[in-house]
Amino acid sequence: MEKILQVKDLELSFHTYGGEVKAIRGVNFDLYKGETLAIVGESGSGKSVTTKSIMRLLPEESAEFKNGEILFGGRDLTKLSDKEMQKIRGKDISMIFQDPMTSLNPTMPVGRQITEPILKHQNINKDEAKKLAIDLLRLVGMPKPELRMKQYPHQFSGGQRQRIVIAIALACNPQILIADEPTTALDVTIQAQILELMKDLQKKIDTSIIFITHDLGVVANVADRVAVMYGGKIVEIGTVDEIFYNPQHPYTWGLLSSMPSMDAEDAKLYAIPGTPPDLLNPPKGDAFALRSEYAMKIDMEQPPPFFKVSDTHMAATWLLHPEAPAVEPPEMVIERMKKFPGSRYYEGSAN
Amino acid sequence: MARYIGKRLIYMFITLALIATFTFFLMKILPGSPIASADKLSPEQRAVVEARYGLDQPLPVQYFDYMFGLLKGDLGISINQFKGANVTDVILSRMGPSAQIGFQGMLLGTVLGILFGMVAALRQNTWVDYGSTIVAIIGISIPSFVFASMLQYWFGLKWDLFPVALWKDGFMSSVLPSIALAMFPLATAARFIRTEMIEVLGSDYITLAKAKGASGSEIAFKHAFRNALIPLITVLGPMAVSILTGSLVVEQIFAIPGIGEQFVKSIMVNDFSIIMGTTIFFSVFLIVVILIVDILYGVIDPRIRLSGGKN
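Cut-offs and rules
Residues numbered from 1 in each chain as written. Chains lettered and ligands numbered in written order. Predicted model: local features only at pLDDT ≥ 70, side-chain atom pairs only at ≥ 80, totals over all residues. Contact = placed C-beta atoms within 7 Å. Helix = DSSP H or I, 4+ residues; strand = E, 2+ residues; numbered from the N terminus. Pairing = 2+ DSSP bridges. Axes fitted to C-alpha atoms, helices over the stretch in contact; angles between N-to-C directions. Core = buried A, V, L, I, M, F, W, Y, C linked by C-beta atoms within 7 Å. Buried ≥ 20, exposed ≤ 12 C-beta atoms within 10 Å, placed from the backbone. Expected span 1.5 Å × (residues − 1). Parallel < 35°, antiparallel > 145°, perpendicular 65-115°, else oblique. Left-handed = near helix turned anticlockwise from the far one by under 90°. Nonpolar A, V, L, I, M, F, W, Y, C, P; charged D, E, K, R; others polar.

Enquirer: Tell me about the interface of chain B and chain A, residues and numbers included.
Expert: Contacts between the two partners involve 19 residues from chain B and, on the opposite side, 24 residues from chain A. Counting only elements with at least two residues in the side of chain B that touches chain A, the list comes to α8 (204–211) and α9 (216–228) of chain B. For the side of chain B that touches chain A, the leading source of residues is α8 of chain B, giving 7 residues.

Enquirer: With reference to specific residues and values, describe the sheet that holds strand β2 (residues 19–32) of chain A.
Expert: Residues and elements named next belong to chain A. Taken together, 4 strands build an open sheet; the order of strands is β2-β1-β4-β5 and the sheet is antiparallel. Every other strand in the sheet has two partners, leaving β2 and β5 (75–76) as the edge strands with one partner each. By the bridge criterion, 8 bridges tie strand β1 (residues 3–16) to strand β4 (residues 63–72) in an arrangement that is antiparallel. Residue pairing across strands places K8 opposite E69, the latter belonging to β4. Helix α1 (residues 47–55) rests against β1, β2 and β4 of the sheet, and its axis sits at about 75 degrees to β2.

Enquirer: Go over the nonpolar core with me, naming the residues and quoting the values.
Expert: Grouped together as the largest cluster of nonpolar side chains are 131 residues, with contacts concentrated most on A167 and V228 of chain A together with I193 of chain B. If you tally residues by element for this core, the top one is helix α7 (residues 171–201) of chain B, at 15 residues. Setting aside anything within four residues of it in sequence, one finds I193 of chain B in contact with G113, I114, G117, M118, A121, A228 and L232 of chain B.

Enquirer: Which residues make up helix α6 (residues 158–170) of chain A, and what are the values?
Expert: Residues and elements named next belong to chain A. Compared with the 18 Å implied by 1.5 Å per residue over 13 residues, the 18 Å span of α6 between its first and last C-alpha is a close match. When you tally the buried positions in α6, you get 11 out of 13 residues, the bulk of the element. Buried residues of α6: Q160, R161, Q162, R163, I164, V165, I166, A167, I168, A169 and L170, and no others. Elements in contact with the buried residues of α6: β6 (93–96), α3 (110–121), α4 (126–139), β7 (176–180) and α7 (188–205).

Enquirer: Describe the packing of α3 of chain A against α6 of chain A, naming the residues involved and giving the relevant values.
Expert: Residue and element names in this part refer to chain A. α6 packs onto α3 with a crossing angle of 25 degrees between their chain directions and a minimal axis gap of 8 Å. Taken together, the axis directions place α3 and α6 in an arrangement best described as roughly parallel. Pair α3 / α6 crosses with right-handed handedness. Of the residues in α6, those in contact with V110, Q113, I114 and P117 of α3 are I164, A167 and I168. Considering only residue class, the contact of α3 with α6 consists of 6 nonpolar, 1 polar and no charged.

That's the geometry; what it means functionally is another story.
The structure is reproduced here in structure tokens:
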């Protein structure tokens, strides 16, 4: 498969009054053409910062690339000037934001907000851009698009506004669409509609999607591959099935265990103890060690390298080291692993 | 919209009636008489003068006479300051110079202020920003008479660019007073626009505009500016009224025969009908400007488009 974007050893810091916050501490991943890569993790794990750094949307005066590169179309995005980035933003890479209530300009008719990137990046006149915008609105399922072009954001519901934001993002058929928790601010029924719409559109325009979320239910629904982020690093990456049914990192175990399940009605919902690490003074070893009941001495001393689980699956935990003692994952995770061919708990097909 | 304006007009009428009533009785409570050298007149002479201006009538009669006159657009006649001249004529003749320097001052101040504020917000925490903040502080804290005197000294006396005072050379006479008046709106506009622009520039829709590939200037002018204007309009409206209706101090310093100067004199000589007339004139002006501001809100921000009740 064709790699469309490569993030290599990316390190990024914010300069604050308190000191240097190491928000991204060596992130590596590839994005393939046409796939959906979900990035999951709790607040502050660096998932939004990673994607915003791809778009170079972080404040220039406080955010600094310390190391690494972001390769797209043969160019390193971390090195481009703002002028050059302007030609990429909205055209080759575009973005959908979390809160549709605030992400549209309240004093500009939505039609103009949709035609803006079209006029900017495509060599066509206003009337053609308008027609294109109406088509886009129809594409995202907006009834009476001609009429709604002249209306303002406050005349639309939250779900409709997110459809408009999606229309804006897709206006120039981008190669990469970054969706930063696009359904978090929507109610559940609308969430499902928006997810369906995104999946549908992805097929139509053949774009790659980076989907940021902390909702594992959404991940299972949309993603081809999943990257789990913690403390500014990716701790585990693999296909959806690998992450859901053969997870290796204790943090992934914790995440999966804290998902509400239909089977365990009377059980108390699990929560990972402790708080995320302070990235002003990041821990020396495995950032999750202090919250993990599986932590070993080495976890406190050295950051774990990536261990290969399969061709598509990698996890950064010392538990995968040949000399590490075998540990039992939480029961709920074992239940999942039993269904995954290749995992050590596999019981064969159910029937 | 038409319905909304109609409703507002009715409210304006009620407001005006209340202001007129209140001012009328306040004036009557004030000690002193509008009749000059009243003490030297014999009771008979005094009675004649009082009868001439209707001051001999009982208070309620005077009140209703006045209010009915007002309905017909008759503000009465000046008792002593302009000796029998029609109050409306007096105000209109005095309004010209005040309105001219006021309008020029407002325009200059607001345009420069917005510019300063925008630049300061876009170059936040650089020397441009600090410079514009200093200008704003100076504009607000230095009283206009100090500023006016400095302008007179340098531009009038030293370099002889503009007339030092008096209202004789048309536009040239209006330049220095306009600049003196512009300082306050300039400082206010710069502060408001800076604060609001910084807030707007941090909002999600600006990030989205950036994510669309918009350039810095497109973001500032197409997306941020209009959203940053709203709070400024709120303060600019009433400020425009106070400046257009004449700044007493500036008119005094530049010896401009404006309405502010005339208003103060009328108070000193207790010219009842002039005081009433000018007060009502100011009130009408203020109320109309507030209506215009409210309509402007809707023009700028579609979320507050006005309608008479539910649509």
